[in-house]
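# Per-entry structural report
The primary structure of each chain is shown beneath.
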Amino acid sequence: MKKCFAFFLMPLVAYSFFGCKSAGVVLADHSPIAVVSVIANQSLPWKESSNRNEDDENDNGTGLLSTLTNKLLNGDSVELTSAQDRIDYAADQLIALINENSGAEVLDRDMVLSSSVYLGTTENILKFMEAKKSATNYRNLTSLGAKRARMIMDDLGAKSLICVEFLFQKTNVSGNKWTGKVGAYVEMKIRYLDERGKEILNRDYKATSAESLPIKNRKYDKDALVDLFPETIDAVINQFIVDNL
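Residues numbered from 1 in each chain as written. Predicted model: local features only at pLDDT ≥ 70, side-chain atom pairs only at ≥ 80, totals over all residues. Heavy atoms only, no water.

This next bit is on the pairing of strand S4 (residues 160-175). Sheet topology places strand S2 (residues 33-41) next to S4; seven bridges connect them, and they run parallel. Bridge assignment links Ile33 to a residue of S4, and that residue is Ser160. The pairing of S4 with strand S5 (residues 179-194) spans 15 bridges and is classified as antiparallel. Paired with Lys170 across the two strands is Ala184, which belongs to S5. Counted between consecutive antiparallel strands, the loop separating S4 from S5 contains three residues. (Pairing = 2+ DSSP bridges. Helix = DSSP H or I, 4+ residues; strand = E, 2+ residues; numbered from the N terminus.)

Now for the packing of aromatic side chains. Evaluated as defined, the whole model comprises four aromatic pairs. Centroid distance Phe168 to Phe229: 6.0 Å. Interplanar angle 85°. Geometry classified as edge-to-face. On the criterion of sequence distance, the pair formed by Phe168 in strand S4 and Phe229 in helix H8 (residues 229-243) is long-range, its members being 61 residues apart. Classification of Phe229 as buried rests on a relative accessible area of 0%. Between the aromatic rings of Tyr205 and Phe240, the centroid separation amounts to 6.2 Å while the plane-to-plane angle is 75°, which identifies the pairing as edge-to-face. Placement of Tyr205 in strand S6 (residues 199-208) and of Phe240 in helix H8 is noted, with a sequence separation of 35 residues between them. Through successive ring pairs, a cluster of aromatic residues spans Phe166, Phe168 and Phe229. The lysine or arginine in question, Arg86, covers the ring of Phe229, its NZ or CZ lying 5.5 Å from the ring centre. (Phe/Tyr/Trp six-rings, centres within 6.5 Å; stacked < 30°, edge-to-face > 60°. Buried < 20%, exposed > 50% of the residue type's maximum accessible area, 1.4 Å probe, protein only. Lys NZ or Arg CZ within 6 Å of the ring centre and 35° of its normal.)

Another aspect to go through is the pattern of salt bridges. For the coordinates displayed, the defined rule picks out eight salt bridges. For Arg191, the salt bridge goes to Glu199, with nearest N and O atoms at 2.7 Å. Salt-bridge contacts for Arg203 lead to Asp243; the nearest nitrogen and oxygen are separated by 2.1 Å. Placement of the pair is Arg203 in strand S6 and Asp243 in helix H8, with a sequence separation of 40 residues. In this structure Asp243 comes out as partly exposed when scored by relative accessible area, which is 25%. (Salt bridge = Lys/Arg side-chain N within 4 Å of Asp/Glu carboxyl O.)

Compared with the 21 Å implied by 1.5 Å per residue over 15 residues, the 21 Å span of H8 between its first and last C-alpha is a close match. In terms of burial, H8 is largely enclosed, as eleven of its 15 residues are buried. For H8, the set of buried residues is Phe229, Thr232, Ile233, Asp234, Ala235, Val236, Ile237, Asn238, Gln239, Phe240 and Ile241. (Expected span 1.5 Å × (residues − 1).)

Let's shift gears to the confidence of the model for the chain. Scored by pLDDT, the chain has a mean of 86; 78% of the residues are at 70 or more. Segment residues 1-22: pLDDT under 50, and 50 contacts once partners within four positions in sequence are set aside and those in other chains are kept. Below pLDDT 50 for its whole length, residues 50-58 participates in four contacts with residues either more than four positions away or in separate chains. (pLDDT = per-residue confidence, 0-100. Contact = heavy atoms within 4.5 Å.)

This part covers the side chain of Asn140. Among the secondary structure elements, Asn140 is positioned in the loop between strand S3 (132-134) and helix H6 (146-156). Residue Asn140 is classed as buried on the basis of its relative accessible area, which comes to 2%. Polar side-chain contacts of Asn140 include one of 3.2 Å to the side chain of Thr142. (Polar contact = N/O pair within 3.5 Å; in protein donor to acceptor, adjacent residues only side chain to side chain.)

Where burial is concerned, most of S5 is hidden: 13 out of the 16 residues are buried. Strand direction decides the pairing type here: S5 and strand S7 (residues 213-216), joined by four bridges, are antiparallel. When the sheet's bridge partners are listed, Gly180 is paired in S7 with Ile215. Of the pairings in the sheet, the one linking S5 to S6 comprises nine bridges and is antiparallel in character. Residue pairing in the sheet places Val186 in a bridge with Ala207 of S6. Counting the residues that bridge the hairpin from S5 to S6 gives four residues, and of these Gly197 lies at a positive phi of roughly 85°.

Membership of the largest hydrophobic core comes to 63 residues, with the highest contact counts inside it found for Val36, Ile98, Ile162, Phe166, Phe168 and Phe240. Those residues within four positions of Phe168 in sequence are excluded, and the remaining contacts are Ala40, Asn41, Ser43, Leu44, Pro45, Arg86, Ile87, Ala90, Tyr185, Val186, Phe229 and Ile233. (Core = buried A, V, L, I, M, F, W, Y, C linked by side-chain atoms within 4.5 Å.)

Okay, here's the thing in structure tokens:
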């Protein structure tokens, strides 16, 4: 019991959620669960304020053009080179934390990814127009339909499916980008389908790291910033679990 609910005591990360499309569900009522899609942006763009000018980029720095430009100019930056590790960590923790803290069972990752039905499922047709990466060996199934979802569940013996999209950004916690503080910011969009393939949950969760780093002349410790993301990723996943116990 102490292990399962330890995260309730963690005053480590400021968080909130929004955009609920439906009431919460009880994860244990839809077990076993298969995680079938985990995608995220590759770079760590600045999180812009909601009142930015109309001339600013409208993709929060995560669009295809912005990402390609960032790779060209900053291809060796740890913020970019750590992208796959960050996404893979998020995928692994999603499974581990649900298993540990929700009372539900998540099917083994390799079992899901080796399913012939899963491997035969067509990825999102917009995949090649997006600057998104999938966790290793996952497919981009963010727009998975009910019929195909039922086929995957029948093959796996699952009672529900989860598709997740993460947004990783850096945020100006205080001051400005010249002299201030920078922190890690994570959003997680969960799409949850029941055994009929019906979407029963579509919700976004947000978290900002409790720790922040000093900025001086627009420079900050990029390695230290990257190190703030695992804890912040855990925070949004645990929000989802607490919300659906």
